[in-house]
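# Structural overview for review
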Amino acid sequence: MLVRIDHIDLPVRLQMNTVGVSSHGLPYMWPIIYQDLFLSQLAESTQRKKLRAIDQFYSFIETNFSKNFDAVITDQNEQQLARFCVSYFTHLSNLELSLESKEEYWGAIYDFLSKLAEQLSRTNSSSAELVKLNQNFLNV
């Protein structure tokens, strides 16, 4: 579920952000990082459109596999990532949406995953450090 952060005491920059949250109300870490690194130069409406697609992808994974997709990215589990992507792509293909809409949704997911994979491959952090970062993030 996407949540707009608009609490009056927050700085204006934070009020404009939209974050995806799990069914437990915890924010998803990787979409926030993706938004900050790759979407900040885009119009707010474009950011929301991309984040809505990512949020639906996360919700699909959580609903159908009882898994938080942040953990899959953090663990860099390629087999599980591929399984989830194929499953979501099949789901998306079966929805009654225009081909253009399906392409937009999948394009947003592909861009999100490919840019994060590229970023993670450049980092010197080990998987253990990323897991620890993710756990710390979820405990905040």
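Residues numbered from 1 in each chain as written. Predicted model: local features only at pLDDT ≥ 70, side-chain atom pairs only at ≥ 80, totals over all residues. Heavy atoms only, no water.

## Thoughts on the overall build of the protein chain
Within the protein chain one finds seven helices and two strands. Listing each helix as α and each strand as β along the protein chain from the N terminus yields β-α-β-α-α-α-α-α-α. Here the protein chain holds 140 residues, and the buried ones make up 33% of them. Taking as baseline every contact in the protein chain between residues at least 6 positions apart, the subset at least 24 positions apart corresponds to 55%. Carbon and sulfur atoms make up 54% of the accessible area of the protein chain, which totals about 8600 Å². (Helix = DSSP H or I, 4+ residues; strand = E, 2+ residues; numbered from the N terminus. Buried < 20%, exposed > 50% of the residue type's maximum accessible area, 1.4 Å probe, protein only. Contact = heavy atoms within 4.5 Å. Areas by Shrake-Rupley, 256 points an atom, 1.4 Å probe, with all protein chains shown as cover.)

## Here we look at the nonpolar core
Of all hydrophobic cores here, the largest spans 27 residues; its most connected members are W30, F57, Y58, F69, I73 and F112. Looking at this core, the elements that each hand over two or more residues are helix 2 (29-39), helix 3 (44-65), helix 4 (69-75), helix 5 (78-94) and helix 6 (99-122). Other than its neighbours up to four places away in sequence, Y58 contacts Y28, W30, P31, N68, F69, D70, I73 and F112. (Core = buried A, V, L, I, M, F, W, Y, C linked by side-chain atoms within 4.5 Å.)

## A closer look at the confidence of the model for the protein chain
Confidence in the prediction of the protein chain, expressed as mean pLDDT, is 78, and 69% of residues score 70 or more. Every residue in residues 1-7 scores below 50 in pLDDT, and together they form 30 contacts with partners more than four places removed in sequence or on other chains. (pLDDT = per-residue confidence, 0-100.)

## Some points on the pattern of salt bridges
Per the counting criterion, the structure on display carries three salt bridges. Ionic pairing is found between E44 and R48, a salt bridge with its closest N-O pair at 2.7 Å. Remark: R48 and E44 occur in helix 3; sequence separation between them is four residues, near one turn of the helix. We classify E44 as partly exposed; its relative accessible area is 29%. (Salt bridge = Lys/Arg side-chain N within 4 Å of Asp/Glu carboxyl O.)

## So, the packing of helix 2 against helix 6
Interaxial distance between helix 2 and helix 6 falls to 11 Å at its minimum, and their mutual angle equals 85 degrees. In terms of orientation, helix 2 and helix 6 fall into the roughly perpendicular class. For the pair helix 2 and helix 6, the contacting residues are W30, P31, Y34, L37 and F38 in the first and A108, D111, F112, K115, L116, Q119 and L120 in the second. In terms of residue class, the contact of helix 2 with helix 6 is made up of nine nonpolar, one polar and two charged. (Axes fitted to C-alpha atoms, helices over the stretch in contact; angles between N-to-C directions. Parallel < 35°, antiparallel > 145°, perpendicular 65-115°, else oblique. Nonpolar A, V, L, I, M, F, W, Y, C, P; charged D, E, K, R; others polar.)

## Concerning the packing of helix 5 against helix 6
In the contact formed by helix 5 and helix 6, the axes pass within 10 Å of each other and the chain directions differ by 165 degrees. As far as their axial angle goes, helix 6 and helix 5 are roughly antiparallel. As for the relative orientation of helix 5 and helix 6, their crossing is right-handed in sense. Contacts from L81, C85, Y88, F89, L92 and S93 in helix 5 reach K102, Y105, W106, I109 and L113 in helix 6. (Left-handed = near helix turned anticlockwise from the far one by under 90°.)

## A short note on unusual backbone geometry
Of note, the phi angle at S66 is positive, near 50 degrees, even though the residue is not glycine. The exposure class assigned to S66 is exposed, which follows from its relative accessible area of 67%.

## A closer look at the packing of aromatic side chains
With the rule as written, the count across this model stands at twelve aromatic pairs. Note on F60 and Y88: the rings are 5.3 Å apart at their centroids and 65 degrees apart in plane angle, and the pair reads as edge-to-face. Of this pair, F60 sits in helix 3 while Y88 is found in helix 5, placing the two residues 28 residues apart along the sequence. Exposure class is identical for F60 and Y88. Each is buried. Centroid distance F69 to F84: 6.3 Å. Interplanar angle 50 degrees. Geometry classified as tilted. Placement of F69 in helix 4 and of F84 in helix 5 is noted, with a sequence separation of 15 residues between them. Comparing F69 with F84 shows no difference in burial state: the two are buried. Three or more aromatic residues joined by ring pairs form one cluster here, namely Y28, Y34, F38, F57, Y58, F60, F65, F69, F84, Y88 and F112. (Phe/Tyr/Trp six-rings, centres within 6.5 Å; stacked < 30°, edge-to-face > 60°.)

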